[in-house]
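Examination of the molecular architecture
Each chain, letter by letter, is given below.
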Amino acid sequence: ISRSSRVTSPPDSYLSCTSMMLGLRSSTSIRVAKGRTSSVKVFARGPIVTKRGVAFKGGQPPVPTPDPEESELATIDYTLIATGIVANPVVLWSAWTLSQTGEGLPPGPGGAVGALEGVSYLVILGVIAYSLYTKVATGRGLPAGPAGLLGAVEGFSYLSLLAAIAGFAAYGRI
C-alpha cells in the first residue's frame, strides 16, 4: 500500500457495531510487506483462508452436530438392510417349496425354520409397506443406501412378494 493512495472508510465504531449485528468475526492484523503489518480489519463469516491453509477460531475446525432425524433414518435403513438380506432368500425358498410341494418350509428343529419363515414374510411386508409410505410421503422411493443395499433389499422384497403370490397361485390357494 503506497502512502499517496488513501482509502476512506467508515469509523471503527461503525464497523464494530455492524460486525456485531451481523455476527462477523474480525482479524486485526495482516502482513502488508516484508516485516511490516497493518491494522486493517478483515471481516469473515467462517474460516479465514490463508496461504498456509484455513484458520479457524480457537485453532480447530467446528464439529458438525448430527441431525437426530438423519441418524434415526440411518438406523431404520441399516435395520431394513440387515433383516431384508436374511428374509428375502428365506421367502424365495419358501415360495419355491410352496410351488413344488403345496406346503411351506418344514418346521425344522424346535420349529426354528418355520418361525424364520413366518418372520421373514412379515419383514418383507414391512419393507414393502415402508417403501410405499416413503413413496407417498416424499414422492420418491427408498434411497439406495450404503453400497446400494437398501435399494437391492427393496427390489428383492417386491420380487419375493410376487414369487410368494405365484407360489400360492400354483396350488390355487389364492
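What to know about the overall build of the chain
Within the chain, the regular secondary structure consists of 4 helices and 6 strands. Along its sequence from the N terminus, the chain presents helices and strands in the succession α-β-β-β-β-β-β-α-α-α. Put simply, the chain has 174 residues, and 19% of those count as buried. Long-range pairs, those at least 24 residues apart, make up 53% of the contacts in the chain with a sequence separation of at least 6. For the chain, the accessible area works out to roughly 12,500 Å², and carbon and sulfur atoms hold 64% of it.

Quick look at unusual backbone geometry
Located in the positive-phi region is Ala147, a residue other than glycine, with phi close to 60°. Of note, Ala147 is situated in the loop between α3 (112–138) and α4 (149–170). Using a relative accessible area of 80% as the deciding quantity, one classes Ala147 as exposed.

Description of the environment of Gly145
When you line up the elements, Gly145 lands in the loop between α3 and α4. Put simply, Gly145 and Ala74 are 71 residues apart on the chain and 8.7 Å apart in space, counted from C-alpha to C-alpha.

With respect to the nonpolar core
What tends to happen in soluble globular proteins is that the nonpolar side chains get buried as a cluster. The biggest cluster of nonpolar side chains holds 11 residues, and these are Leu80, Ile81, Ala87, Val91, Val123, Ile124, Val127, Ile128, Leu142, Leu150 and Val153. Listed by contribution, the elements that provide at least two residues to this core are α2 (68–101), α3 and α4. Dropping the residues within four chain positions of it, Leu80 is found in contact with Val127, Tyr130, Leu150 and Val153.

Section: the side chain of Thr97
If you trace the backbone, Thr97 turns up in helix α2. If sequence neighbours within four positions are ignored, Thr97 has contacts with Gly102, Glu103, Gly104 and Leu105.

Describing the packing of α3 against α4
It is at 9 Å that the axes of α3 and α4 come closest, and there the two elements cross at 120°. As far as their axial angle goes, α4 and α3 are oblique. Crossing angle aside, the handedness with which α3 passes α4 is left-handed. In this structure, α3 contributes Tyr121, Ile124, Leu125, Val127, Ile128, Ser131 and Leu132 to the contact, and α4 contributes Val153, Glu154, Ser157, Tyr158, Ser160, Leu161 and Ala164. When grouped by side-chain class, the residues that make up the contact of α3 with α4 number 10 nonpolar, 3 polar and 1 charged.

Observations concerning the side chain of Ser94
With respect to the secondary-structure elements, Ser94 resides in helix α2. Those residues in contact with Ser94 that lie beyond four places of it in its chain are Leu105, Glu117 and Tyr121.

A short note on α3
In a regular helix each residue adds 1.5 Å, so 27 residues correspond to 39 Å; α3 covers 38 Å between its end C-alpha atoms and thus fits that length. Within the span of α3, buried status applies to Glu117, Ser120, Val123, Ile124, Val127, Ile128, Ser131 and Thr134. In the segment just after α3, Gly139 is the residue with positive phi, at about 85°.

Brief notes about α4
End to end, α4 covers 31 Å across 22 residues, agreeing with the expected 32 Å (1.5 Å per residue, within 8%). Phi for Gly172, located one or two positions after α4, is positive at around 65°.

What counts and how
- Residues numbered from 1 in each chain as written.
- Predicted model: local features only at pLDDT ≥ 70, side-chain atom pairs only at ≥ 80, totals over all residues.
- Heavy atoms only, no water.
- Helix = DSSP H or I, 4+ residues; strand = E, 2+ residues; numbered from the N terminus.
- Buried < 20%, exposed > 50% of the residue type's maximum accessible area, 1.4 Å probe, protein only.
- Contact = heavy atoms within 4.5 Å.
- Areas by Shrake-Rupley, 256 points an atom, 1.4 Å probe, with all protein chains shown as cover.
- Core = buried A, V, L, I, M, F, W, Y, C linked by side-chain atoms within 4.5 Å.
- Axes fitted to C-alpha atoms, helices over the stretch in contact; angles between N-to-C directions.
- Parallel < 35°, antiparallel > 145°, perpendicular 65-115°, else oblique.
- Left-handed = near helix turned anticlockwise from the far one by under 90°.
- Nonpolar A, V, L, I, M, F, W, Y, C, P; charged D, E, K, R; others polar.
- Expected span 1.5 Å × (residues − 1).

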